[in-house]
Amino acid sequence: MLGRTFYNTLVKKNSVFIATIFGTAFAFEVAFDTTSTRVWDNFNKGGRLLPPIVHYNSVIGHKQWKDIKDKYEQ
Amino acid sequence: MQRSFGQQLDLNDKYDGTTARRHEVLNMITTHPPTLASQYAIATLTDIVQHRQSVTWTHHLYTMAHNRIPRTLSIGDSITNVHNFLFQQARFASTKPQAADNTKQIAMVTTGIVGATGLAYMAANQVSANMADEGLHPPAYPWYHKDPFHTFDHAAIRRGYQVYREVCSACHSLDRIAWRNLINVSHSEDEVKAMAEEVEYEDGPDDNGDMFQRPGKPSDYMPKPYANEEAARAGNAGALPPDLSLMIKARHGGEDYVFSLLTGYVDAPAGVEVREGLNYNPYFPGGAIAMARVLFDGLVEYEDGTPATASQMARDVTTFLAWAAEPEHDDRKKMGMKAAIVLSGLTLLSVYIKRFKWAPIKSRKIVYNPPQ
């Protein structure tokens, strides 16, 4: 039933199908970028224990520029 | 125990060298014909050599043996000589070679080949383990940015830039880095503009065809301490201070080497001559480096209050140089993480699709009904 609806609304007409693909790609890109950036920044924020692959010095502060720029920008 | 005539002697025969065994051997040698006696002597001698039995016992054996074998062996003969002699006796006396002889020959040839190969290898591949020539290998230090998921420590880059600017840049250029590269890495845009303006750059030509001086812009590259290589050599007793842009990538050991070099200055050990104008540093290949020790505690004053010990400054400036050699480092690792995630997902998806499509093919059963 769900598959039927999916097919009829998004796949059946080619223009809609193309638009769906492009829209999904855009949405996925935004979501994936946001999520991975958040994870990445969290890895590099320092001061906390990090996932298992990382180095033994994980708990010491690591700062990206965005973490320290408040001290130097007006 | 008597061995039967012609019985193969087992070279692996284990014995403990007791008196009973000696008597058995001597009995064999003195009561049997020379051929068997010599074979048995060889076998025993091999055992003796292999098991490092006493030399006295060996001589004792041959003193008895040579009564039965038509050649005089003196007590003072070396084991090898005696062995060779008896070996030949056995070879000439027997109509076909003993298995023991072949084994021994194979072993000797193999040993010869292996030995010759080893000698040739040693002659052709002379590996120098001379730390004075190669430079002491630096230990591996725990750099933050060595981890696959970590960026540079940007606070360290900022401090390291300060060390480079106040100390290193007196002699070392940094040709590949422009002021703009520092923006949003270690300094804000306003700070970079202000720093660049403090430096005069030659520009031009103007409308009259003359070159003129102007304040620096973020797009300008780092100023050079010397106008050209000749000036750099003339100012440093003939030694050229290398450009530091790619120094971390250009040296074996990378960050560890540079850090070790900066903190590794010591007095030359006894017996090592260091020429006038050179300095001893065990991490530098050859040991004698033109650059003197420059980092001393408290040389700079960090704006963020970090104690400026020599090792802290070395660590910071090394981090800065690591960034200078690889400015794309942070983006590269982040992109790598994202690529690993996406490609893992696509791999799982393709595996699923393959199994989905192949399932009916893999699980079908073809039945053949022969014609009636």
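Note that the structure is a prediction, hence the values are computed from the model and not measured. (Residues numbered from 1 in each chain as written. Chains lettered and ligands numbered in written order. Predicted model: local features only at pLDDT ≥ 70, side-chain atom pairs only at ≥ 80, totals over all residues.)

S.K.: Could you give an account of the nonpolar core, with specific residues and numbers?
M.R.: All names here are of chain B. Judged by nonpolar contacts, the single largest core of 37 residues is most densely connected at Val258, Val317, Phe320 and Leu321. The set of elements that each furnish at least two residues to this core consists of α7 (154–166), α8 (189–197), α10 (247–250), α11 (254–263) and α12 (310–325). With 8 residues, α12 is the single largest residue contributor to this core. (Core = buried A, V, L, I, M, F, W, Y, C linked by C-beta atoms within 7 Å. Buried ≥ 20, exposed ≤ 12 C-beta atoms within 10 Å, placed from the backbone. Helix = DSSP H or I, 4+ residues; strand = E, 2+ residues; numbered from the N terminus.)

S.K.: Describe the confidence of the model for chain A, with residues and values.
M.R.: Residue and element names in this part refer to chain A. On average, residues of chain A score 82 in pLDDT, and 77% of them reach the 70 mark or higher. Summarising per-element confidence for chain A, the mean pLDDT is lowest in helix α3 (residues 65–68) (87) and highest in helix α2 (residues 14–43) (95). Across residues 51–59, where pLDDT falls below 50, the model places 16 contacts with residues more than four positions away in sequence or in other chains. (pLDDT = per-residue confidence, 0-100. Contact = placed C-beta atoms within 7 Å.)

S.K.: Go over the interface of chain B and chain A with me, naming the residues and quoting the values.
M.R.: The interface of chain B with chain A comprises 20 residues on the first partner and 17 residues on the second. At the level of secondary structure, the elements contributing two or more residues to the side of chain B that touches chain A comprise α7 and α13 (329–363) of chain B. The leading source of residues in the side of chain B that touches chain A is α13(B), at 4 residues. Tallied by class, the residues present in the side of chain B that touches chain A amount to 8 nonpolar, 6 polar and 6 charged. (Nonpolar A, V, L, I, M, F, W, Y, C, P; charged D, E, K, R; others polar.)

S.K.: Summarise α13(B); cite the residues concerned and give the values.
M.R.: Here α13(B) is 35 residues long and its end C-alpha atoms lie 49 Å apart, about the 51 Å a rise of 1.5 Å per residue gives. Across the 35 residues of α13(B), 2 count as buried, placing the element largely on the outside. (Expected span 1.5 Å × (residues − 1).)

S.K.: Which residues make up the packing of α7(B) against α12(B), and what values do they have?
M.R.: All names here are of chain B. For the pair α7 and α12, interaxial distance at closest approach is 7 Å and the crossing angle is 100 degrees. Relative to α12, the element α7 is oriented roughly perpendicular. Residues Ala156, Ile157, Arg159, Gly160, Tyr161, Val163 and Tyr164 of α7 touch α12, and the partners they reach there are Met313, Arg315, Asp316, Val317, Thr319, Phe320 and Trp323. For the contact of α7 with α12, a count of residues per class yields 9 nonpolar, 2 polar and 3 charged. (Axes fitted to C-alpha atoms, helices over the stretch in contact; angles between N-to-C directions. Parallel < 35°, antiparallel > 145°, perpendicular 65-115°, else oblique.)

S.K.: Could you give me a rundown of the environment of B:Ile248, with the residues and numbers involved?
M.R.: Residues and elements named next belong to chain B. Locating Ile248 in the fold gives a position in helix α10. Taking the C-beta count within 10 Å as the criterion, Ile248 has 22 such neighbours and is therefore assigned buried. C-alpha of Ile248 to C-alpha of Trp323: the two residues are 75 residues apart in sequence and 8.9 Å apart in space. Setting aside anything within four residues of it in sequence, one finds Ile248 in contact with Gly254, Glu255, Val258, Leu321, Ala322 and Ala325.

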